[in-house]
There are 2 protein chains.
Amino acid sequence: MPLEIRPSQALKLWRQVHLDLVRDHDADLSARQTAILLTVYLELPPHTVRGLAKQLGVTKPVITRALDTLGKLGLLTRKRDEADRRNVVIQRTVAGALAVERLADLVTEHAKEIGGS
Amino acid sequence: MPLEIRPSQALKLWRQVHLDLVRDHDADLSARQTAILLTVYLELPPHTVRGLAKQLGVTKPVITRALDTLGKLGLLTRKRDEADRRNVVIQRTVAGALAVERLADLVTEHAKEIGGS
DNA sequence: CCAGATCGTTACGGACCCGTATCATTATCC
DNA sequence: GGATAATGATACGGGTCCGTAACGATCTGG
């Protein structure tokens, strides 16, 4: 049973959520940062810089810089992989989980407000 | 009949669409630009710089710069209001309508892929 | 008319992000 | 061990955006 959304509903939803994100002057993540954050919190670990770069179709420095920013915001952490010390494992944080949860609530709340017209 | 989305579905949808937006190296609009674009195309005209600034809760220069970028991309146009020449009216374009439509399709397509688990 | 208000834009200094190229560290394989 | 490969981080030059403050153009009211 797929999720049924009509184009007009999708646009209304997209707009309302983005309005909230813009008005909430704290969390203004770029599309890349959002994609990284959600990938780390939705997909099974482990997550590496290389793996994320491949999934997003971008270069490694892009991931490194995004991790710098997301780490500064406390939304995730980096740790050396002790098995293979070349790798860096990206780990979740409490603050990050809360931010993801808040985003989920934001979307679902606005979905409720959108009539099925 | 409200639109029913559970939090886990919302997050999957948000991630998949953002992954597509990141991989599509053309249209990487910021959250503010997206909010402006969708407001212009979903809400009734006329749209002014001041009105958009108030709706988004940001300052006027932010809107001006976003309109510069969106205009350079051909997604909308500015026109002097002849009745009150202090005002600037933001108008839609064919390319902008297509971009909005493409975004709507992107969201609805990914919604279909998300199982109702 | 002319002072004041309103509208959108521009100037400026600073911060962030990008893509390419390069680097330091670590593992692999003969 | 030593050459090679792989990983993530960094350097650099360039572009975009931000927030505050100022600006020119235009309307309004006495």
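One can find the structure itself at the top, above this paragraph.
Residues numbered from 1 in each chain as written. Chains lettered and ligands numbered in written order. Predicted model: local features only at pLDDT ≥ 70, side-chain atom pairs only at ≥ 80, totals over all residues.

This part covers the overall build of chain A. A count of helical and extended segments in chain A gives five helices and two strands. Mapped from its N terminus to its C terminus, chain A presents α and β elements in the order α-α-α-α-β-β-α. Principal-axis analysis of the C-alpha atoms gives chain A an extent of 55 × 35 × 25 Å. Looking at chain A as a whole, 38% of its 117 residues qualify as buried. (Helix = DSSP H or I, 4+ residues; strand = E, 2+ residues; numbered from the N terminus. Buried ≥ 20, exposed ≤ 12 C-beta atoms within 10 Å, placed from the backbone.)

A few words on the nonpolar core. Grouped together as the largest cluster of nonpolar side chains are 66 residues, with contacts concentrated most on Leu 37 of chain A together with Leu 37 of chain B. If sequence neighbours within four positions are ignored, Leu 37 of chain A has contacts with Leu 29, Leu 70, Leu 75, Gly 96 and Val 100 of chain A. (Core = buried A, V, L, I, M, F, W, Y, C linked by C-beta atoms within 7 Å. Contact = placed C-beta atoms within 7 Å.)

Turning chain A through 179° and shifting it by 0.0 Å along the axis lays it on chain B, with an RMSD of 0.1 Å. Such values leave the two copies arranged in the relation of a two-fold axis. Residue Ser 30 of chain A of chain A places its C-alpha closer to the rotation axis than any other residue of that unit, at 3.1 Å. (Least-squares fit on C-alpha atoms with pLDDT ≥ 70 in both.)

Every one of the 23 residues lining DNA strand D counts as a neighbour, but Thr 48, Val 49, Arg 50 and Pro 61 of chain A together with Arg 85 of chain B are closest to it. Secondary-structure elements contributing two or more residues to the surface near DNA strand D are α3 (49–56) and α4 (60–72) of chain A together with α4 (60–72) of chain B. Element by element, the count of residues in the surface near DNA strand D is highest for α4 of chain B, at five residues. Its residues placed into classes, the surface near DNA strand D shows eight nonpolar, six polar and nine charged. (Near = placed C-beta within 6 Å. Nonpolar A, V, L, I, M, F, W, Y, C, P; charged D, E, K, R; others polar.)

Attention shifts here to the interface of chain A and chain B. How big an interface is tends to be stated in terms of the accessible area lost upon association of its parts. With 40 residues of chain A in contact, the opposing surface of chain B contributes 40 residues. When residues of the side of chain A that touches chain B are traced back to their parent elements, those giving at least two are α1 (7–23), α2 (31–42) and α5 (94–113) of chain A. Broken down by element, the residue count for the side of chain A that touches chain B peaks at 12 residues, all from α1 of chain A. Class assignment of the residues belonging to the side of chain A that touches chain B gives a composition of 23 nonpolar, nine polar and eight charged.

In this section: the protein's contact with DNA strand C. Near DNA strand C there are 23 residues, and of these Arg 85 of chain A together with Thr 48, Val 49, Arg 50 and Pro 61 of chain B occur at the shortest range. Listing elements by their share of the surface near DNA strand C, those giving two or more residues are α4 of chain A together with α3 (49–56) and α4 of chain B. No other element matches α4 of chain A, which puts five residues into the surface near DNA strand C. Of the residues in the surface near DNA strand C, the class split is eight nonpolar, six polar and nine charged.

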